[in-house]
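Structure assessment
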2 protein chains.
Amino acid sequence: MATIRDVARLAEVSVSTVSLALSNPGRVSQKTLERIRSAVAAVGYVADPLAQSLARGRSKMIGLVVGNVGNPFFGDIRRELENYALEHEHFVLITDSSGKREREQALVEHLIGLKIAGLALAPSSFGPDYVRFVESIKVPMVCFDQKVKGIERDFVGSDNYLAGAMLTEHLLQLGHRRIAFIAGPQHMHTASERYRGFVETMASAGVEVNPNYVVDGQFTRSAGYEAAMRLLIQPERPTAILGANNAVALAALQAMQELGFNCPGDISLCMIDDVQWSNVITPRITMVVQDTLKLGGIIARRLLQRITTPGAAAEPPQDFVLSPKFVPGNSCRRV
Amino acid sequence: MATIRDVARLAEVSVSTVSLALSNPGRVSQKTLERIRSAVAAVGYVADPLAQSLARGRSKMIGLVVGNVGNPFFGDIRRELENYALEHEHFVLITDSSGKREREQALVEHLIGLKIAGLALAPSSFGPDYVRFVESIKVPMVCFDQKVKGIERDFVGSDNYLAGAMLTEHLLQLGHRRIAFIAGPQHMHTASERYRGFVETMASAGVEVNPNYVVDGQFTRSAGYEAAMRLLIQPERPTAILGANNAVALAALQAMQELGFNCPGDISLCMIDDVQWSNVITPRITMVVQDTLKLGGIIARRLLQRITTPGAAAEPPQDFVLSPKFVPGNSCRRV
DNA sequence: TCCGGTTATCGAACCGGTTCGATTTTTATC
DNA sequence: GATAAAAATCGAACCGGTTCGATAACCGGA
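Residues numbered from 1 in each chain as written. Chains lettered and ligands numbered in written order. Predicted model: local features only at pLDDT ≥ 70, side-chain atom pairs only at ≥ 80, totals over all residues. Heavy atoms only, no water.

Section: the relation of the copies chain B and chain A
Copy one and copy two of the chain differ by a rotation about an axis and a translation along that axis. For the pair chain B and chain A, the superposition axis carries a translation of 0.0 Å, the fit reaches an RMSD of 0.1 Å, and the rotation angle comes to 180°. The relationship between the two copies is best expressed as a two-fold rotation axis. Comparing interface residues between copies, 98% of those in chain B also sit at the interface in chain A, which points to an isologous, same-surface contact. (Least-squares fit on C-alpha atoms with pLDDT ≥ 70 in both. Contact = heavy atoms within 4.5 Å.)

Let's talk about the sheet that holds strand β7 (residues 214-216) of chain A
All names here are of chain A. As summarised here, the arrangement of the six strands in space is β7-β6-β8-β9-β10-β12, forming an open sheet in which the pairing is mixed. In the strand order of this sheet, the two ends are held by β7 and β12 (325-327), each with one partner. On average, each strand axis in the sheet is tilted by 15° relative to the strand beside it, whichever way the strands run. In this sheet, strand β8 (residues 240-243) lies alongside strand β6 (residues 179-183) in parallel orientation, the contact comprising four bridges. Following the sheet pairing, phenylalanine 181 is matched in β8 by leucine 242. This element, helix α10 (residues 221-232), spans β6, β7 and β8 of the sheet and lies at about 155° to β7. (Pairing = 2+ DSSP bridges. Helix = DSSP H or I, 4+ residues; strand = E, 2+ residues; numbered from the N terminus. Axes fitted to C-alpha atoms, helices over the stretch in contact; angles between N-to-C directions.)

Re the protein's contact with DNA strand D
In the region of DNA strand D, 25 residues are neighbours, and Thr17(A), Thr32(A), Ile4(B), Arg5(B) and Ser19(B) sit closest. Near the protein, within 4 Å, the atoms of DNA strand D are sugar or phosphate in 58% of cases. At 2.7 Å from a phosphate oxygen of DNA strand D is found a main-chain nitrogen or oxygen belonging to Ser14(A). Here a phosphate oxygen of DNA strand D sits 2.5 Å away from a polar atom, N or O, in the side chain of Ser19(B). Looking at the surface near DNA strand D, the element that brings in the most residues is helix α4 (residues 49-56) of chain B, giving five residues. Residue composition of the surface near DNA strand D, grouped by class: 13 nonpolar, nine polar and three charged. (Near = heavy atom within 4 Å. Polar contact = N/O pair within 3.5 Å; in protein donor to acceptor, adjacent residues only side chain to side chain. Nonpolar A, V, L, I, M, F, W, Y, C, P; charged D, E, K, R; others polar.)

Focus: the packing of α10(A) against helix α11 (residues 246-259) of chain A
Residues and elements named next belong to chain A. Here α10 crosses α11 at 50°, and the two axes come no closer than 8 Å. As the angle between them shows, α10 and α11 are arranged oblique. Of the two elements, α10 crosses α11, and the hand of that crossing is right-handed. Contacts from Arg221, Gly224, Tyr225, Ala228, Met229 and Leu232 in α10 reach Ala247, Val248, Ala251, Ala252, Gln254, Ala255, Met256, Glu258 and Leu259 in α11. In the contact of α10 with α11, the residues fall into eleven nonpolar, two polar and two charged. (Parallel < 35°, antiparallel > 145°, perpendicular 65-115°, else oblique. Left-handed = near helix turned anticlockwise from the far one by under 90°.)

Remarks on the domain arrangement of chain A
The domains assigned to chain A are domain 1 (4-47), domain 2 (57-158 + 293-323) and domain 3 (160-290). Inter-centroid distance (C-alpha atoms) of domain 1 of chain A to domain 2 of chain A is 36 Å. (Domains from an automatic or database assignment.)

Thoughts on the interface of chain B and chain A
Residue-level contacts link 40 residues of chain B with 40 residues of chain A. Summed over the three residues of chain B that lose the most area to chain A, namely Leu50(B), Phe91(B) and Trp277(B), the buried surface amounts to 20% of that side. Remark: the boundary between chain B and chain A carries six salt bridges. Here Arg78(B) makes a salt bridge to Asp96(A), at a shortest N to O gap of 3.0 Å. For the pair chain B and chain A, the number of links is twelve residue pairs in polar contact (both at pLDDT 80 or more). Only α4, α5 (72-87), β2 (91-96), α6 (101-113) and α11 (246-259) of chain B provide two or more residues apiece to the side of chain B that touches chain A. Per-element tally for the side of chain B that touches chain A: the top contributor is α11(B), with seven residues. Among the residues forming the side of chain B that touches chain A, the class breakdown is 21 nonpolar, twelve polar and seven charged. (Buried area = accessible area lost by both parts, 1.4 Å probe. Salt bridge = Lys/Arg side-chain N within 4 Å of Asp/Glu carboxyl O.)

Remarks on the environment of Leu293(A)
Residue and element names in this part refer to chain A. On the secondary structure map, leucine 293 appears in helix α12 (residues 292-308). Using a relative accessible area of 44% as the deciding quantity, one classes leucine 293 as partly exposed. A sequence separation of 220 residues divides leucine 293 from phenylalanine 73, and the C-alpha atoms of the two residues are 8.9 Å apart. Setting aside residues no more than four positions away along its own chain, leucine 293 makes contact with Asp76 and Glu80. (Buried < 20%, exposed > 50% of the residue type's maximum accessible area, 1.4 Å probe, protein only.)

Examining helix α1 (residues 4-11) of chain A
Residue and element names in this part refer to chain A. Among all positions of α1, only Ile4, Val7, Ala8 and Ala11 are buried. Angularly, the buried residues of α1 cover 100° about the axis, an arc narrow enough to put them on a single face. Facing away from the buried surface of α1 by more than 90 degrees, the exposed residues are Arg5 and Arg9. Here α1 starts with a cap whose side-chain oxygen sits 3.1 Å from the backbone nitrogen of arginine 5, and that cap is threonine 3. Looking one or two residues past α1, glutamate 12 carries a phi angle of roughly 55°, positive in sign. (Arc of directions from axis to C-beta.)

In structure tokens, the structure reads:
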């Protein structure tokens, strides 16, 4: 592999001139620039990114830390970020924390050791320790999905209150009163906001929430399954179930199928967030989805702005909150 | 951030001794080792991975290049590789080529520039140029999923012939004769092997394959949808459809639903490879699945072996082929 | 006590770039 | 043609480690 010294030797200039010419042509005379350029071509020189990062103290890489790369929600965001970064000569390193705080922190520290230019983080935890950790990150960064109280950073996400409220309103409009809610972990902002959307919409419609109809599904498939079962074995069953995310809602569908309930005949179901292949799932689930492409675009643009625009790094953090979209299915019937 | 010189100063030894002590304790006397260790702790020294990689000419990172990180098939492999790598103090960088050859090559070259210790690659292409490219990679590597003719590297994958044959045999046993096959791109080894499994099993059962029943679904959802439609509008419809992968099969299910066909009442359906949430899809699709966890484990072990065991890098390439597993559903009926 | 052979430590060169102050060359002005 | 200012180029130090040949300290045996 050719080094910058090979280029310098061939072009008969000093190493520093080559470096200057490559990073800042225009500060070099026309003819030396040409000599250097042809020398670069002749030896097939490509700068070593490692050496560059070491010397500059920062690389051209962007870290993306998510809880589950398999989640299509993150997939769209990844794609947008990658494409946008590539246009700006940056390279995205994807890492997966599996939703574990320890792993996440290790990954972030590793990425910082790699002197990444920026970080897109989907927070996986909360609390003072966690906030302290995130606040200690000095690299340009954008948080997304999960808004964490106390973290003063750019945030990009959806209006989760609205998401919960929209589906609740939809069910109320269809005449449902016995509406159950499979909640997520309440310490998570997305979960508590969705729940708040449910509760407040019920309240303003003057419908009481039966405490037995609110169960904790932890946003996971297994907990959601158990929670759904608890709902389905009650003597006075709900007429509709609102899943706070895709995993708990589909787990509820599974539970319903296994117990022989018909959806929407016996029980209506709706959920927040899409899944792949939702259009071949019977019934088509009524849902509220996030505009992941747009979210990804905002994350990408904001992060690159902080990285590349001088002075932008000092700008105060900003929240970008998008409205989710209602996608009707045929899993909710009028009662 | 503390550097190795800070440690050396505090421990009153030379920089080289510190480096030696850290990478090879045992070659350093007990008392200096202790002095160095406490100095490390005192200043909170952590070696800069970038500088280390530059000096050593190789890093502790492993590159994983796949066509679609959202595919659960890759998800399991990623997880296994990550866990295993972590145990061996390596760090996995995930990248997504979106199945594009150009992108894949750029990613690989970038990773090599980062001086990765090893590479796990799911090839996205084929042909002489591509083989030349892959063969030019000098980093320890393991290919998986797609076996490419001409590439002399370790390969880990499933017996795709068997996968196709198993499902074909299943349909034959149920009495089907008019069996349709939605194929993948025939230049891909997985696709052609699955097809071969279908054709040869049909032949040895003495059942003729109707050419109109073999359509090209490109392994994609959109092409699979079109292909399925072509099957469904024929006057003499097949009684069963075998999808060469999950995308084309589910696209076929969608097409059937949209045209009002009942599965398995009107047409039976089965597929190769699972998807997330397949258990809430009605009907439960009969399928043959790969043991992704095991595949991931083999990939991880083999790659780490080549990386860490001296001499292992020179071992001749080896193929690891696992048998897929039959998972019965209720999407195939007896005729 | 002297010698040969280990074992421990050190210094210097190196990995491949960047950066900045100093020096040289060019250009403009008088 | 001399001179100041501007532009181009260079040299050396640096980023933070590793590596290897050389030197120094230590050991047991003659």
